[in-house]
Amino acid sequence: MRTPSHNSDPLPAAPKEIARLSREDWLQAAFNAVVEGGIDNLKVLTLAEILKVTRGSFYWHFVDHAELLKATLERWKNQEMQRNLRIQSHVTDDAAADMQHLLDQALAHGGDELENMRFELAVRGMGRRDPQVAALLHEIDQARTKLFYHQFKRLVLDEQKATDLAVLFYLTIVGCYQALSRPSSPARAKDYFKSIISAFLIQAQLPINKGN
């Protein structure tokens, strides 16, 4: 538990607030706020109102707003890196099937995990003006692209082609995020996107589709 800063909110948190709310509670509320209204919606007063506590409760866990933002971004990055490790551990004797599994997981943010996609899009918007956020996104992008490369390498057995396909695959997935985040996006849009990605970037790499 963090000791409140002397130059922070002058209103102390009630003991029951301190006991009830954890740092993770604040981080989840911060995540939800970004999903709902973007990075600019991440405000201490707004979160306190949502959590029904005084702002003093916030300072038992964070020094200031900047630390909250940094911790929220790091939490998201760690979750995405863990996701990569789970996907990487999914290896069978069927490289094409594993690639389909990778596609399913890559587009999961466009389904039940829509809030994760909206959070990522908000962070990417911030990354265009904040070098530190841009560096965090670059780290995630590199990890994902490396994962995609290793999967494609199993299909095409050619390093340069696997690299090119991994980059194209990732750019396509990011484009899908943009399209699927729109409120007017058709309900079956994700299935359509998945089918064309599979046809042109996965199935087209199989020997049976090369006209041999």
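Parameters at a glance
- Residues numbered from 1 in each chain as written.
- Predicted model: local features only at pLDDT ≥ 70, side-chain atom pairs only at ≥ 80, totals over all residues.
- Heavy atoms only, no water.
- Phe/Tyr/Trp six-rings, centres within 6.5 Å; stacked < 30°, edge-to-face > 60°.
- Helix = DSSP H or I, 4+ residues; strand = E, 2+ residues; numbered from the N terminus.
- Buried < 20%, exposed > 50% of the residue type's maximum accessible area, 1.4 Å probe, protein only.
- Axes fitted to C-alpha atoms, helices over the stretch in contact; angles between N-to-C directions.
- Parallel < 35°, antiparallel > 145°, perpendicular 65-115°, else oblique.
- Contact = heavy atoms within 4.5 Å.
- Nonpolar A, V, L, I, M, F, W, Y, C, P; charged D, E, K, R; others polar.
- Expected span 1.5 Å × (residues − 1).
- Polar contact = N/O pair within 3.5 Å; in protein donor to acceptor, adjacent residues only side chain to side chain.

**Student:** Pulling in residues and values, what's your account of the packing of aromatic side chains?
**Tutor:** Applying the stated criterion to the full structure yields 9 aromatic pairs. When the centroid spacing of 4.7 Å and the interplanar angle of 25° are considered together, the rings of Phe31 and Phe119 count as stacked. With Phe31 in helix H2 (residues 23–37) and Phe119 in helix H6 (residues 114–127), this pair connects stretches of sequence that are 88 residues apart. With a centroid separation of 5.2 Å and 20° between ring planes, the pair formed by Phe58 and Phe62 is classed as stacked. Residue Phe62 is classed as buried on the basis of its relative accessible area of 0%. These aromatic residues form a ring-pair network of at least three members: Trp26, Phe58, Tyr59 and Phe62.

**Student:** Report on the packing of H2 against helix H4 (residues 65–88), specifying residues and quantitative values.
**Tutor:** Running from amino to carboxyl end, H2 crosses H4 at an angle of 85°, the nearest separation of the two axes being 10 Å. Accordingly, the angle class assigned to the pair H2 and H4 is roughly perpendicular. Contacts between H2 and H4 pair Arg23, Glu24, Trp26, Leu27, Gln28, Ala30 and Phe31 from the former with Glu67, Leu68, Ala71, Thr72 and Arg75 from the latter. Residues belonging to the contact of H2 with H4 are distributed by class as follows: 6 nonpolar, 2 polar and 4 charged.

**Student:** With reference to specific residues and values, describe helix H7 (residues 131–156).
**Tutor:** Across its 26 residues, H7 extends 36 Å between first and last C-alpha, which sits within 8% of the 38 Å expected from 1.5 Å per residue. Capping of H7 at its N-terminal end is provided by Asp130; its side-chain oxygen lies 2.9 Å from the backbone amide nitrogen of Gln132. Downstream of H7 by one or two residues, Leu157 has phi in the positive range, about 55°.

**Student:** Which residues make up unusual backbone geometry, and what values do they have?
**Tutor:** A positive phi angle, close to 60°, is found at Lys52, a residue other than glycine. Its place among the elements puts Lys52 in the loop between helix H3 (44–51) and H4. Phi angles above zero are rare outside glycine, and Leu157 is one such case at about 55°. With respect to the helices and strands, the residue Leu157 is situated in the loop between H7 and helix H8 (159–180). With relative accessibility at 67%, the residue Leu157 sits in the exposed group.

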